[in-house]
Amino acid sequence: QVQLVESGGGLVQPGGSLRLSCAASGITFNSHHMGWHRQAPGKQRELVATITSVGNTNYVDSVKGRFTISRDNDMNTVYLQMNSLKPEDTAVYYCNAVRVLAPRFTYWGQGTQVTVSS
């Protein structure tokens, strides 16, 4: 079965850094676009960053210049490097995988908590 397992979350002070990882299994990793989303308490889930199967990236404006998404197709893993973290980055972070070809199946991980606080 398909599994996406996030790790790397935790508590960090404002201005600090974290690196999230999402290890995928049960899918042909390089046939999927990958993304990171987040959901803060009381808010809707929002897209943070995406990386296509060929490595093209996109970011929500609020994280541009601070976050970097990358993927290692040999390790079936997608990463989110988060620098200059702010309290408003506090959320549960989820990775997802979207199949490139139809049918566009979408899979989600269980999420990892990121808390930015002094």
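Residues numbered from 1 in each chain as written. Predicted model: local features only at pLDDT ≥ 70, side-chain atom pairs only at ≥ 80, totals over all residues. Heavy atoms only, no water.

## A look at the side chain of N96
Within the secondary structure, N96 is located in strand 9 (residues 91-99). Excluding residues within four positions of it along the chain, N96 makes contact with L4, H33, M34, G35, H37, T106, Y107 and W108. (Helix = DSSP H or I, 4+ residues; strand = E, 2+ residues; numbered from the N terminus. Contact = heavy atoms within 4.5 Å.)

## Some points on the sheet that holds strand 3 (residues 18-25)
The strand order 1-3-8-7 describes an open sheet built from four strands, whose pairing is antiparallel. A strand with exactly one partner marks an edge of an open sheet, and here the two such strands are strand 1 (3-7) and strand 7 (67-72). Shown here is a sheet whose adjacent strand axes are inclined to one another by a mean of 15°, direction ignored. Of the pairings in the sheet, the one linking strand 1 to strand 3 comprises five bridges and is antiparallel in character. Across the sheet, Q3 pairs through a bridge with S25, a residue of strand 3. (Pairing = 2+ DSSP bridges. Axes fitted to C-alpha atoms, helices over the stretch in contact; angles between N-to-C directions.)

As far as function goes, none of this settles anything; it's purely spatial.
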